[in-house]
Protein chains: 2
Amino acid sequence: MTTSYLPELTDAAVPLIAEVTVLDEAGREKTVHIPGERPLTVFVDKVELVTLMTIGGAPEALVLGYLKNQRFVQALEEIVSIQVDWDVEAAVVVTREGIARLKERQEKRTVTTGCGQGTIFGDILTDLDAVKLNNDSKLHQHTLVEIVDQIRQHRSIYKQAGSVHGCALFRGTEMLMFVEDVGRHNAVDAIAGKMWLEGMRGDDLVFYTTGRLTSEMVIKGAQMGIPFLLSRSGVTQMGLDMARRVGLTLFGRCSGEHFLLYSGTQRFIPSREGG
Amino acid sequence: MTTSYLPELTDAAVPLIAEVTVLDEAGREKTVHIPGERPLTVFVDKVELVTLMTIGGAPEALVLGYLKNQRFVQALEEIVSIQVDWDVEAAVVVTREGIARLKERQEKRTVTTGCGQGTIFGDILTDLDAVKLNNDSKLHQHTLVEIVDQIRQHRSIYKQAGSVHGCALFRGTEMLMFVEDVGRHNAVDAIAGKMWLEGMRGDDLVFYTTGRLTSEMVIKGAQMGIPFLLSRSGVTQMGLDMARRVGLTLFGRCSGEHFLLYSGTQRFIPSREGG
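Keep in mind it's a predicted model, so treat the numbers as computed, not measured. (Residues numbered from 1 in each chain as written. Chains lettered and ligands numbered in written order. Predicted model: local features only at pLDDT ≥ 70, side-chain atom pairs only at ≥ 80, totals over all residues. Heavy atoms only, no water.)

1. Details of the overall build of chain A
- Along chain A, the regular secondary structure elements total 8 helices and 15 strands.
- Within chain A, buried positions represent 61% of all 275 residues.
- Nonlocal contacts in chain A, meaning residues at least 24 apart in sequence, comprise 55% of its contacts between residues at least 6 apart.
- Per element, the accessible surface of chain A, about 10,900 Å² overall, is 48% carbon and sulfur. (Helix = DSSP H or I, 4+ residues; strand = E, 2+ residues; numbered from the N terminus. Buried < 20%, exposed > 50% of the residue type's maximum accessible area, 1.4 Å probe, protein only. Contact = heavy atoms within 4.5 Å. Areas by Shrake-Rupley, 256 points an atom, 1.4 Å probe, with all protein chains shown as cover.)

Here you go:
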C-alpha cells in the first residue's frame, strides 16, 4: 500500500556528534564524543506549536510523526509542506485547513510524563481497543536473534557517543529503517513519520527499540499497527498491560541469544533445541 | 531556610513491583519482577490538567514538582491541598486563586520532547540566565566516589525490577532523598516537590541521576539551584552547553572510581595521586 500524495519536504538531516574535552578521575584531559542536541521549534501555519529537542537526524520525519502521534493530523494530505531551517532552528509546517482545526485538537490534549507526551488517557484506551494487530504474522526465534545481532553490529551514534536511543524497523531480517535521537519518543516519532511517508503498513514488521517498554512505547507501536515489539531493556507493568490488551507480541531483555517473551506468544515460533 | 506553610497532602505512596511469568529463549517459564506504572490524572480546581504515568512512589511530591517545574505555580502558598486517590487514579489539586491563572500560564507553554516536557524555550533560557549557582560549594573526589558507591549499594526498585530511573539528593555523603520512577523526569519532579515542601535550598547539594544529562535535566537541576549534577550515563551537547551557560559542575559516566568531569571544574577538588 503506497501513498501517492507527498508533502513538500526539505532534507535537513544533520545528525551531530560533538567532540569535547573532559577530565577523567585521574585528572587527565580526554577527548570524548557526545551526541548533538538542538531545539527545533515547530510552527504550524505561523503559530508556534512545540519545541522538540533533537539530534537532527530526521527532522522532517520527526515533525510529521510528532504531528501524527499527537493526533494533530490524520491524513498526509492535510500537510502541504514541512520546511526545516537550522539557521533559525525552526520547522515551518503549512497545512491545507489551517491551524484552527489543529488547535481544536490540541485543546483536548493532555500530556503524559512516562518520559514523553501523550493525549487524553481515556481517548488513548478507546483508540487502542480499535487496533487490530495481524495474527497471521509470525516471528521465528532465529529471525529474532538475527535482528538483535544486526542491531549490535550496526554503525550507530550510540557506539560513538552514547546517550541516545535507537529505534529500528525490520521486515524479517531486513532492516528497513534505523533512527537515533536524544529521546526515545523522538526516535519512534521519526520512524512513524517515515512509515507514513512511504505508505508502509506495519502488519508484517518488527519494531526494535533500545528504550524501555513503558505504556507509551507500546501504545505507539500498536498505533503503527506493528505486531512485534523488541527491546534491549525491560517492560513496565502498564507497558505489559497495554501489550496484552491489544495482543501485541512483546520481547524484552534482548541481548545475544537471550530474551524474555512477555506477551503474544501465539506469534512466536521457537527454534527446536535452542537453535 | 524552612517554609512554615504546607499544603494539605495525602500520603498515597504505593511503589509497585509486579510479578509476571514470561518465557525465556529456551522456552522455560520464568517469574520476573517489573515496575508498576499507573496513570495519575491531575485535576486542578476540578479541571483536568494532565495524566502522569508513574510508579506511584511519591505521588503528591510528583504532582507538586510537576506544577512547579512546568511553572504553573510559583509559591507553595498557592496550593491549598493535593489529594491522591488511587481508586480513581486521580490527584485532586485545590489552589487559592483558581485554575484561571494557571491556565493562562499553560497557554504560553509548549512541550519539548527531549524525553520529557518543557516550557517555551526562549523563556527557559531567559530564566536560566538569572540562575546563580553557589561557587563556594566544593566537591571532593572522595565524596563523589562515596556517593556513587552509596547509590550502587542502595536497595532499589531498579535492582529488583529494572526499567526505572532513579534520582538522589546528597549533602556531602549523606543521602537526603532517593526517588525512582518510570520516567527520569518524574523522578526529578518528585525530588523538586520534596525539596519545596521541606524548604530546602540546593546550593550545597549534589544531585545524582541514573538518566542521561540532556538539556532538560541540566535545566531542572539548575532551576533547583543545585551546583553539582552527577550521572551514571553521559551528556548531550546541549546538556553540556546549558551546564556551561549556568556554570554547573557536571559529572557523567560515574561508575566505581571512574567518572568524566565535563564542566564547572572550579568546584571540584581532586584527590592527590588518584585517591
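2. Topic: the relation of the copies chain B and chain A
- Between chain B and chain A, the superposition needs a rotation of 180 degrees and an axial shift of 0.0 Å, giving an RMSD of 0.0 Å. What the superposition gives is, in effect, a two-fold axis relating one chain to the other.
- In this assembly, 100% of the residues forming the interface of chain B have copies in chain A that are likewise at the interface, indicating an isologous arrangement. (Least-squares fit on C-alpha atoms with pLDDT ≥ 70 in both.)

3. Here we look at the sheet that holds strand β7 (residues 90-95) of chain B
Residues and elements named next belong to chain B.
- Within the open sheet, the 5 strands sit side by side as β1-β6-β7-β4-β5. Their pairing is mixed. Among the strands making up the open sheet, the edge pair consists of β1 (8-9) and β5 (47-54).
- Pairing of strand β4 (residues 38-44) with β7, which is carried by 4 bridges, proceeds in the parallel orientation. By the bridge assignment, Val42 is partnered in β7 with Ala91. (Pairing = 2+ DSSP bridges.)

4. Re the interface of chain B and chain A
- The partner chain A presents 63 residues to the 63 residues of chain B that form the contact.
- Roughly 4,900 Å² of surface becomes buried between chain B and chain A when both sides are summed, with 57% attributable to carbon and sulfur atoms.
- Scanning the region where chain B abuts chain A turns up 0 salt bridges.
- Put simply, chain B and chain A have 16 residue pairs in polar contact (both at pLDDT 80 or more) between them.
- Those elements giving two or more residues to the side of chain B that touches chain A turn out to be β2 (17-24), β3 (29-35), β4, β5, α6 (184-197), α7 (215-223), α8 (237-246) and β14 (258-263) of chain B.
- A per-element tally of the side of chain B that touches chain A places β5 of chain B first, with 6 residues.
- Where strand β2 (residues 17-24) of chain A lies against β14 of chain B, 2 bridges are found, and the strand directions are antiparallel. (Buried area = accessible area lost by both parts, 1.4 Å probe. Salt bridge = Lys/Arg side-chain N within 4 Å of Asp/Glu carboxyl O. Polar contact = N/O pair within 3.5 Å; in protein donor to acceptor, adjacent residues only side chain to side chain.)

5. A short note on the packing of aromatic side chains
- Tallied over the entire structure, the rule returns 8 aromatic pairs over all chains.
- Counting every residue linked through ring pairs, the aromatic cluster contains Phe251, Phe259 and Phe268 of chain A.
- Here the guanidinium or amino end of Lys68 of chain B rests over the ring plane of Trp196 of chain B, the centre of that ring lying 5.2 Å away.
- One cation-aromatic arrangement involves Arg232 of chain B over Tyr158 of chain B; the distance from NZ or CZ to the ring centre is 5.0 Å. (Phe/Tyr/Trp six-rings, centres within 6.5 Å; stacked < 30°, edge-to-face > 60°. Lys NZ or Arg CZ within 6 Å of the ring centre and 35° of its normal.)

6. Structural notes on the sheet that holds strand β9 (residues 165-171) of chain A
- With mixed pairing, the 8 strands of this open sheet are ordered in space as β10(A)-β9(A)-β11(A)-β12(A)-β13(A)-β14(A)-β2(B)-β3(B). This sheet does not close on itself; its edge strands, each paired only once, are β10 (174-181) of chain A together with β3 of chain B. Between one strand axis and the next, the sheet turns by 30 degrees as a mean value, whatever way the strands run.
- Across 3 bridges, strand β12 (residues 228-231) of chain A lies against strand β13 (residues 249-255) of chain A in parallel orientation. (Axes fitted to C-alpha atoms, helices over the stretch in contact; angles between N-to-C directions.)

7. Notes on helix α8 (residues 237-246) of chain A
- Buried within α8 of chain A are the following residues: Met238, Gly239, Leu240, Met242, Ala243 and Val246 of chain A.
- After α8 of chain A finishes, the residue Gly247 of chain A shows a positive phi value of roughly 70 degrees.

8. Some details on the packing of α7 of chain B against α8 of chain B
All names here are of chain B.
- Here α7 crosses α8 at 25 degrees, and the two axes come no closer than 7 Å. By the angle between their axes, α7 is roughly parallel relative to α8. Between α7 and α8 the crossing geometry is right-handed. Residues Ser215, Val218, Ile219 and Ala222 of α7 lie in contact with α8, whose contacting residues are Met238, Gly239, Met242, Ala243 and Val246.
- Across the contact of α7 with α8, the residue classes break down as 7 nonpolar, 2 polar and no charged. (Parallel < 35°, antiparallel > 145°, perpendicular 65-115°, else oblique. Left-handed = near helix turned anticlockwise from the far one by under 90°. Nonpolar A, V, L, I, M, F, W, Y, C, P; charged D, E, K, R; others polar.)

9. Some remarks on the packing of helix α6 (residues 184-197) of chain A against helix α7 (residues 215-223) of chain A
Residue and element names in this part refer to chain A.
- One can describe the packing of α6 onto α7 by two numbers: an axis separation of 11 Å at closest approach and a directional angle of 5 degrees. Taken together, α6 and α7 sit at an angle that is classed as roughly parallel. Note on element contacts: α7 touches α6 through Glu216, Met217 and Lys220, opposite Arg184, His185, Val188 and Asp189.
- Its residues placed into classes, the contact of α6 with α7 shows 2 nonpolar, 1 polar and 4 charged.

10. So, the pattern of salt bridges
Residues and elements named next belong to chain A.
- Enumeration over the complete set of coordinates arrives at 12 salt bridges over all chains.
- The salt bridge partner of Lys220 is Asp189, with a shortest N-O separation of 3.0 Å. Here Asp189 lies in helix α6 and Lys220 lies in helix α7, a separation of 31 residues in the sequence. Accessibility assignment for this pair places Lys220 and Asp189 in one class, buried.

11. Some points on the pairing of β12 of chain A
Residue and element names in this part refer to chain A.
- A two-sided burial pattern is seen for β12, the buried positions comprising Phe228 and Leu230 on one face and Leu229 and Ser231 on the other.
- Taken together, strand β11 (residues 206-209), α7 and β12 constitute a β-α-β crossover, and its handedness is right-handed.
- Handedness of the crossover joining β12 and β13 through α8 is recorded here as right-handed. (Right-handed = clockwise from strand over helix to strand, strands pointing away.)

12. Notes on unusual backbone geometry
- A positive phi is found at Asp45 of chain A, a non-glycine position, where the angle reads about 45 degrees.
- Relative to the helices and strands, Asp45 of chain A is located in the loop between β4 (38-44) and β5 (47-54).
- With a phi close to 70 degrees, Lys46 of chain B is a non-glycine residue in the positive phi region.
- Its location among the elements puts Lys46 of chain B in the loop between β4 and β5.
- Among the residues examined, Lys46 of chain B registers a relative accessible area of 81% and is labelled exposed.

13. Focus: the pairing of β2 of chain B
Residue and element names in this part refer to chain B.
- Residue alternation in β2 divides its side chains into a buried set, Ala18, Val20, Val22 and Asp24, and an unburied set, Ile17, Glu19, Thr21 and Leu23.
- The pairing of β2 with β3 spans 7 bridges and is classified as antiparallel. For Thr21, the partnering residue across the bridge sits in β3 and is Thr31.
- Hairpin connection, β2 to β3: the antiparallel pair is bridged by 4 residues, and Gly27 has positive phi, about 80 degrees.

14. Quick look at the side chain of Arg212 of chain B
- As for its placement among the helices and strands, Arg212 of chain B is situated in the loop between β11 (206-209) and α7.
- Lacking a salt bridge, the buried Arg212 of chain B has Glu37 of chain A as its closest oppositely charged neighbour, with an N-O distance of 7.7 Å.
- Polar contacts involving the side chain of Arg212 of chain B include one to the main-chain carbonyl oxygen of Val182 of chain A, which spans 2.4 Å.
- In this structure Arg212 of chain B touches Ser163, Val164, His165, Val182 and Gly183 of chain A together with Arg184, Met217, Ser231, Ser233 and Gly234 of chain B, once residues within four positions along its chain are discounted. (Lys, Arg positive; Asp, Glu negative; His and termini not counted.)

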